[in-house]
Amino acid sequence: MNLASTIAAHFNDHVLATQDSAETLSSPLVRAIELCFGCVTNSGKILACGNGGSAADAQHFIAELVGRFERERLPLAGIALNTDTSILTAVGNDYGYAQIFSRQISALGQPGDVLVAISTSGNSENVKQAIQAAHEREMRVIALSGKGGGAMNALLSADDIHLCVPHDRTMRIQEIHILLLHMLCDGIDTLLLGDPA
Ligand SMILES: O=C(CO)[C@@H](O)[C@H](O)[C@H](O)[C@H](O)COP(=O)(O)O
Ligand SMILES: [Zn+2]
């Protein structure tokens, strides 16, 4: 066992994953920032969902919209769909785990709202059904995935934005996802407030 070499390999792989993501995801990330900015400045709201670590990412992102990111600004409208344990247990129990997000989107989603759908595999059934429910509500989708995008590829429309991290390892994909979400917050703030001083 050599912990030092394992740690060195993690740092190195993280840097490579970041470099590869910068090449493939910078352009779609600009479009995602513009989509979110247009949404929240036209009375829309951003809904976000994911499982496990991606649930944490979804609520982390939404907290920075409703609260603030780095600079003082007005609160922005967003809801994390993985946070209300009464809804999650009721819908999970009565309708099934696959519907825990889609049911909330059917209840809350309006045309012009945006869904941020997070799944490292692109294959989580509840996230897939969330994308379908968002389309039924005339919402556009920003999908964060990895591992080639999985089943999400077939579900996303030409109007959606797919940020698929070019990596196969869940932990690495999640590390890039939180970087992307922070850059989304930073980009929205830049469009709202101008470049930072
Ligand atoms: O955070 C981790 C692994 O780093 C786990 O909790 C992970 O998020 C869970 O296994 C999820 O259920 C994976 O779902 P997905 O990313 O494939 O949609
Ligand atoms: Zn994790």
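Residues numbered from 1 in each chain as written. Chains lettered and ligands numbered in written order. Predicted model: local features only at pLDDT ≥ 70, side-chain atom pairs only at ≥ 80, totals over all residues.

In the annotation of an unreviewed UniProt entry, the entry for the chain reads Phosphoheptose isomerase, and the organism field reads Zwartia hollandica. Under Catalytic activity (unreviewed entry), UniProt gives the following word-for-word description of the chain: "2 D-sedoheptulose 7-phosphate = D-glycero-alpha-D-manno-heptose 7-phosphate + D-glycero-beta-D-manno-heptose 7-phosphate". (UniProt positions renumbered as here; feature names shortened; annotations may be inferred.)

**With respect to the overall build of the chain**
Helix and strand content of the chain: 7 helices and 5 strands. Order of helices (α) and strands (β) in the chain, N terminus to C terminus: α-β-α-β-α-α-β-α-β-α-β-α. On C-alpha atoms alone, the chain measures out to a radius of gyration of 17 Å, which is about the 16 Å that the 2.2 N^0.38 rule sets for 197 residues. Considering only C-alpha atoms, the chain reaches an extent of 50 × 45 × 30 Å along its principal axes. Across the 197 residues in the chain, those meeting the buried criterion constitute 44%. Restricting to contacts in the chain with at least 6 residues of sequence separation, those with at least 24 account for 70%. (Helix = DSSP H or I, 4+ residues; strand = E, 2+ residues; numbered from the N terminus. Rg over C-alpha atoms; globule rule 2.2 N^0.38 Å. Buried ≥ 20, exposed ≤ 12 C-beta atoms within 10 Å, placed from the backbone. Contact = placed C-beta atoms within 7 Å.)

**A few points about the site of ligand 1**
Close to ligand 1 lie 13 residues, the nearest being G52, G53, S119, T120 and S121. Secondary structure elements with two or more residues in the shell around ligand 1: α2 (53–66) and α7 (170–193). No other element matches α7, which puts 3 residues into the shell around ligand 1. Its residues assigned to classes, the shell around ligand 1 shows 2 nonpolar, 11 polar and no charged. (Near = placed C-beta within 6 Å. Nonpolar A, V, L, I, M, F, W, Y, C, P; charged D, E, K, R; others polar.)

**Describing the UniProt feature "binding site: substrate" (unreviewed entry) in the chain**
Cross-referencing UniProt, the feature "binding site: substrate" (unreviewed entry) maps to N51, G52, G53, E64, N93, D94, S119, T120, S121, S124 and Q174 in the present numbering. Considering the C-alpha atoms alone, the annotated residues occupy 124 residues of sequence and remain spread out, their largest mutual distance being 31.8 Å. Among the structural elements, N93 can be located in helix α3 (residues 85–94). If you trace the backbone, S124 turns up in the loop between β3 (114–118) and α5 (125–136).

**Notes on the sheet that holds strand β1 (residues 46–49)**
Strand order in this open sheet of 5 strands is β2-β1-β3-β4-β5, and the pairing throughout is parallel. Looking along the sheet, the strands with just one partner apiece sit at the ends: β2 (78–80) and β5 (161–164). Across the sheet, the mean angle from the axis of one strand to that of its neighbour is 15 degrees, orientation sign disregarded. (Pairing = 2+ DSSP bridges. Axes fitted to C-alpha atoms, helices over the stretch in contact; angles between N-to-C directions.)

**Focus on α5**
Counted at 1.5 Å a residue, the expected span for α5 with its 12 residues is 16 Å, and the 17 Å between its end C-alpha atoms agrees. Elements that come into contact with the buried residues of α5 comprise β1, α4 (102–108), β3, β4 (140–145) and α6 (152–155). After α5 finishes, the residue E138 shows a positive phi value of roughly 60 degrees. (Expected span 1.5 Å × (residues − 1).)

**Thoughts on the environment of D189**
Take D189: it is sitting in helix α7. Residue classification places D189 among the buried residues on the basis of 22 C-beta atoms within 10 Å. Measuring from C-alpha to C-alpha, the distance between D189 and A8 comes to 34 Å, with 181 residues separating the pair along the chain. In this structure, D189 is in contact with F69, E70, R71 and R73, ignoring residues within four places of it in sequence.

**Topic: unusual backbone geometry**
Even without being a glycine, S43 presents a positive backbone phi close to 65 degrees. In this model, K147 sits at a positive phi of 50 degrees, which is unusual for a non-glycine residue. Relative to the elements of secondary structure, K147 occurs in the loop between β4 and α6.

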